[in-house]
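Overview (structure and organization)
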Amino acid sequence: MSWKQAYLMGMDSPPEPRAPIVNLRTFGGALLEGPQDLVAGAISQRRRLAVLSLLAASGSGISRDRLLGLLWPESGEERARHALSQLLHGLRRALGDDVIVANGAALRLNSSVVSSDVNDFANATAAGDDARAVSLYDGAFLDGFYLNGCPDFERWVDERRAALARQAEDAIERLAKRTSAAGGLVEAVEWWRRLAALRPLDSRVALSLMQARAAAGDRAGALHVARLHEALLHEELEAAPIPEIGEYVEALKLQMASPPAPASLDVAMSSHVTDAVAPAVAPPAFDGPRNRPPTTRSRFRFGGIAVAGIAGVGVALMLGLRATENPSAGAMRWLIIADVENTTGDSVFDRTIPVALAADLAQSPRIRVVAPDRIARALVRMRRPGPEPTLTEILAREIAQRDGVNLVAVPAINSAENGYELTARILDGTTGAVLGFSAVRANRRADVLDAIDRLGREVRRKLGESSRSINASTVALPLVTTASLDALKKFAEGSRAFRAARPDDARVLWTQAVTIDSSFAIAYANLGMLNYWNNMPTSGDSVYAIAFRHLAALPEREQVLIRASAKSWQGDHAGAAGLLKAFLAGHPDDFAALHDLGYQYFRLGQAADAVEVFTRVLAVDSLDYSVWINLASVEKTMKGPSEALHAYRRAFELAPMQLTANDNLNLEYARTYVLAGQPDSAAAVIAALAAAPDAPRRARALRSMAFLSAHTGGYADASTDLIQAIELNRTGAPGTSEVRNRLLLATILDARGRAREAAAQLDSADAVAARIDAEPTLLYWLGKAIARGGDVSRASRVLARLEAKVHPTSATDRVAVEALRGEVLIAGRKNTEGIEHLKLAFAVDSGRIVLESMAYGSAMAGDLERAAVLYARLGQGTDFGWEGQHYWRLAPYWLARVQERAGNAAFARAAYEQFISNWRPDADLHAVVDARERLARLRAREKGG
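Residues numbered from 1 in each chain as written. Predicted model: local features only at pLDDT ≥ 70, side-chain atom pairs only at ≥ 80, totals over all residues. Heavy atoms only, no water.

1. Let's talk about the side chain of Arg496
Worth spelling out the cut-off: Secondary structure elements are taken from DSSP: a helix is a run of H or I of four residues or more, a strand is a run of E of two residues or more, and numbering for both begins at the N terminus. For every residue, the accessible area obtained with a 1.4 Å probe (protein chains only) is divided by the maximum for its type, and the residue is called buried under 20%, exposed over 50%, and partly exposed between those limits. Residues count as neighbours in contact if any of their non-hydrogen atoms are within 4.5 Å of one another.
Residue placement: Arg496 occurs in helix 20 (residues 485-499). Given the relative accessible area of 17%, Arg496 is considered buried. Discounting residues that sit within four places of it in the chain, Arg496 has contacts with Arg351, Glu388 and Pro389.

The structure is reproduced here in structure tokens:
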């Protein structure tokens, strides 16, 4: 039975006009959305999505012959027509006979059955509704969507993608100009910033963004835009900006030399941000490659960053603040909520009452509720690490005294006359004096959450908040959380497990929470986050979609943070930042949203903005070690290792256990020492992790030590470290760590001229990767190594596994697929075709590994000039702690080989000399031996010539 038949079944009369059965999303990917969820199964097969996309984007229709030529170019006419008929039959069976309307030889999509964003975009553009058009444009048309063997279809997609992008960019530009003319200076900056992200090399757009920021009072920001644009043009095009930018820069400098102007945009935007406490715990250890630059989503976790958005949205949502009353009306005070004193014998209250009361009190514009992660950090400083203890009144007061917290709330619940009595004592955080006492009654267990609502209101009145403020800023507790105590208990226990680095337990508990309450949006959002964290983006999207279906009942803040969380995990950091900034504009006292905004800035590469946000957070809570870690990660890219080391040291002073609790943080700290030219200090940091009691962390420490050994030229020592790491990997279940270690060992062995042993490690890595269903980026690395070894057949099989895993909205996955396609084609001596795929990957990600593929492919295709430029670029800067460092180290050698092949003997000699003199590797390293021999021959020719 089709969806349409099921929808109509049981109706005695014709149905009323209704929404389309499904919606086709073509911007940012290719997905079908049903009434409740994403559509999977046969209807979502690629060729069916291609037909629907062609029909949707063609408006008035497209002929059958055109469809045949685009989608079945290699098939005979009869076979192709049969295939199209079968495909159309399948669509009609699933969506109804009227889904596709035939008009002579042309076919048209019935928009009343299948709506589409591309058709809505066309209608909005035709109507001049730029805001609507831009809101629909979520990404490039059919981004990441490909059909093998259909070059005409690919060309059609490219042409339509470019045309739609131009229309969207034009709409954004019109909005920017109209907003600016209407006096919306801050909004105009955001429109120009968005256009600049789409046209990064357009000097005219960069100048407009500069002018908008200056008009809004942010002259320093305007100069920053000029510097970034100039650097980008130089790197990408070896060109200079238009003269008008230089003239405008000089004018701004003259203005800034004059008396101070009005407050800058960054100061004006400070009203968008908050200073409440929210979770910012660094994520549990995860082993996976890191994608660079951090502007595309990687489902491998990004090492060294510790952000509220990463830790799950749930607790942050339920402990946030809403600013509805002027804070100057009364001093805003920190408050710790102790665990409940429960005499009822019902354990459900142990976890639920503190969480529910926190969610209620956090709605006050005058109270900052201390989040569980800050309490955990305080316990670390008190040298009380380990499982979370019961937060008794005595312990809560001790933490309050140490951290300067004003208030402690001690809730209690007792059985009373066939019901329950709930009370809360408010204590002075320093003296312990009772400042207030409130009590309410619940007749039944099911009434307890409503009673907590009333209790929270009473506490807020006792603390001096007006009734008007309470009524204006309070949302009923069941809407913020759940109406089920049992579901809330599971949720709270899951959050506790997550904070304790037990994500598997958290998944079970949050799943139980949504089983009890199927409308528990925050729990669904946390599960969506966990799925992304565990490299299951499709499942993550599905769970987030369920959360979205239940958002309408939530307050605005919860809706914004859940949507921002989803966008962030899907790689749309610009979209997440936009949501957060818009929310903070009206709710300036929301610390969780501010903290998350800093992370989005970091992932967007907006280092200055990220530093500014994290600095503001530290001004409120300078004891938050995770923010110091965030600041170190950003300053490393902005100011260099010295500033980053200061921030890291401060973080580990506050939380010494974190140095070994998270191997990614350990490696990031060690990397900073390497960048500062202090390899011995880096080794000491890694050695601390090597003493960890569990095998996985010791294995990762050994890999870090192997990176350090290889960085200083000790490839033999690196081999020994990796062999030991693999032995530790084999004590547990096969995983990503073992695949990476074997791949890296194969690279090291090959560099030492031990090709047979390297091939054996690749065989083992491939076998393990197949068992664990490896992530796409890792499959690219594996397939690349196999292709370079000459095994085209096996590399092709790895490519097929990768293609089956590609997530439709993931730029990272698209890079992996295109890069590996290029590598496989080049290994099969199809250099021209291969280089085209590498170019597609390189256009999205120019990081070290893709850059090396592009350089290698250019050399194999005979484009020696291009190869030399890319190898020179590959050798710039420095890298440590991931697979890209090997390519950086060997880049001068391969540059010399290319220059020698091109007949540029002087350039080749200089590159060989640089390779040998700037490094002291093991004497038997194959590239070093060969470089010395080649250099000797070149010098001999010069003397004899």
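2. Considering the nonpolar core
Worth spelling out the cut-off: Definition of nonpolar core: a set of buried residues of the types Ala, Val, Leu, Ile, Met, Phe, Trp, Tyr and Cys, connected through side-chain atoms within 4.5 Å.
Tyr669, Leu743, Tyr780, Leu782, Leu802, Tyr912 and Phe915 are the most contacted members of the largest nonpolar core, which totals 126 residues. In terms of residue count, the dominant contributor to this core is helix 35 (residues 736-751) (eight residues). Those residues in contact with Leu782 that sit more than four places away from it in its chain are Leu743, Leu762, Ala765, Asp766, Ala769, Val798 and Arg801. Counting residues in each nonpolar core, the second largest holds 60 residues, with Ala358, Phe520, Ala523 and Leu551 among its members.

3. Notes on the confidence of the model for the protein chain
How we decide: A residue's pLDDT is the confidence the predictor assigns to it, expressed on a 0 to 100 scale.
Per-residue pLDDT for the protein chain has a mean of 81; in total, 87% of the residues score no lower than 70. Across the protein chain, the secondary-structure element scoring lowest on mean pLDDT is helix 12 (residues 265-268), at 26, and the one scoring highest is helix 42 (residues 864-874), at 93. Confidence over residues 258-312 falls short of pLDDT 50; this stretch has 216 contacts with residues more than four positions distant or in other chains. Counting interchain partners and residues more than four positions distant, the pLDDT-below-50 stretch residues 318-330 has 56 contacts.

4. Considerations on the packing of helix 7 (residues 151-181) against helix 8 (residues 185-198)
The cut-off we apply is this: Helix axes are fitted to C-alpha atoms over the stretch in contact, other axes to C-alpha atoms as well, and angles between N-to-C directions run from 0 to 180 degrees. Each angle gets one of four labels, with under 35 degrees taken as roughly parallel, over 145 as roughly antiparallel, 65 to 115 as roughly perpendicular, and the rest as oblique. Each crossing gets its handedness from the near helix: less than a right angle anticlockwise from the far helix is left-handed, clockwise is right-handed. Nonpolar residues are Ala, Val, Leu, Ile, Met, Phe, Trp, Tyr, Cys and Pro. Charged residues are Asp, Glu, Lys and Arg, and all others, Gly as well, are polar.
Helix 8 packs onto helix 7 with a crossing angle of 160° between their chain directions and a minimal axis gap of 8 Å. It follows that helix 7 is roughly antiparallel to helix 8 by the angle criterion. You can see that helix 7 and helix 8 cross each other, and the crossing is left-handed. Contacts between helix 7 and helix 8 involve Glu169, Ile172, Glu173, Leu175, Ala176, Lys177, Thr179 and Ser180 from the first element and Glu187, Ala188, Trp191, Trp192, Arg194, Leu195 and Leu198 from the second. Looking at the contact of helix 7 with helix 8 residue by residue, the classes come out as eight nonpolar, two polar and five charged.

5. Some thoughts on the pattern of salt bridges
Under the convention used in this document: What counts as a salt bridge is simple: a side-chain nitrogen of Lys or Arg found within 4 Å of a carboxyl oxygen of Asp or Glu.
Tallying each qualifying case throughout the model produces 51 salt bridges. Note that Asp152 and Arg155 form a salt bridge whose closest N and O atoms lie 2.2 Å from each other. Of the two residues, Asp152 and Arg155 both sit in helix 7, three residues apart, roughly one turn of that helix. In this structure Asp152 comes out as partly exposed when scored by relative accessible area, which is 33%. A relative accessible area of 46% means that Arg155 is categorised as partly exposed. The salt bridge partner of Glu913 is Arg909, with a shortest N-O separation of 3.4 Å.

6. What about the packing of aromatic side chains?
For the record, the criterion: In summary, the pairing rule links any two rings of Phe, Tyr or Trp, Trp by its six-membered ring, whose centres are within 6.5 Å, and it sorts them by plane angle into stacked for under 30 degrees, edge-to-face for over 60 and tilted for everything else. Put simply, a charge is over a ring when the Lys NZ or the Arg CZ is close to the ring centre, within 6 Å, and near the line of the ring normal, within 35 degrees.
Taken as a whole, this structure holds 21 aromatic pairs when the rule is applied. Seen from their ring centres, Phe153 and Trp156 are 6.0 Å apart, and the 25° between their planes marks the pair as stacked. In this pair, Phe153 and Trp156 are both assigned in helix 7, three residues apart and thus about one turn of the helix distant. For the pair formed by Phe153 and Trp156, the shared burial category is buried. Above the plane of the ring of Phe548 lies Arg563, whose end atom (NZ or CZ) is 4.9 Å from the centre. A cation over a ring is seen here: Arg788 above Tyr856, with NZ or CZ 3.6 Å from the ring centre.

7. Focus: the sheet that holds strand 1 (residues 22-25)
Operational definition: Think of it this way: DSSP has to see at least two bridges between two strands before they count as a pair.
The sheet built from three strands is open, its strands ordered 2-1-6 with mixed pairing. For this open sheet the edge positions go to strand 2 (31-33) and strand 6 (114-116), each flanked by a neighbour on one side alone. Between one strand axis and the next, the sheet turns by 30° as a mean value, whatever way the strands run. In the sheet, strand 1 pairs with strand 6 via three bridges, with the strands oriented parallel. Within strand 6, the residue paired with Leu24 across the bridge is Ser116. Docked against the sheet, helix 2 (residues 46-58) engages strand 1, strand 2 and strand 6, running at close to 85° with respect to strand 1.

8. Thoughts on the side chain of Glu154
The condition is simple: Positive charges come from Lys and Arg alone, negative charges from Asp and Glu alone, with His and the N- and C-terminal ends not counted. Polar contacts here mean pairs of N or O atoms no more than 3.5 Å apart (in protein, one a potential hydrogen donor and the other a potential acceptor; neighbouring residues in sequence count only if both atoms are side-chain atoms).
Relative to the helices and strands, Glu154 is located in helix 7. With no salt bridge to any partner, buried Glu154 finds its closest opposite charge in Arg161, at an N-O distance of 6.1 Å. A distance of 3.0 Å separates a polar side-chain atom of Glu154 from the backbone nitrogen of Leu147. Discounting chain neighbours no more than four positions away, the residues touching Glu154 are Phe145, Tyr146 and Leu147.

9. Let's talk about the pairing of strand 1
Judged from the three bridges that link them, strand 1 and strand 2 form a sheet pairing that is antiparallel. Looking at the pairing, Arg25 lines up with Leu31 of strand 2. Hairpin remark: strand 1 followed by strand 2, antiparallel, with five residues in the connecting loop; positive phi at Gly28, about 85°.

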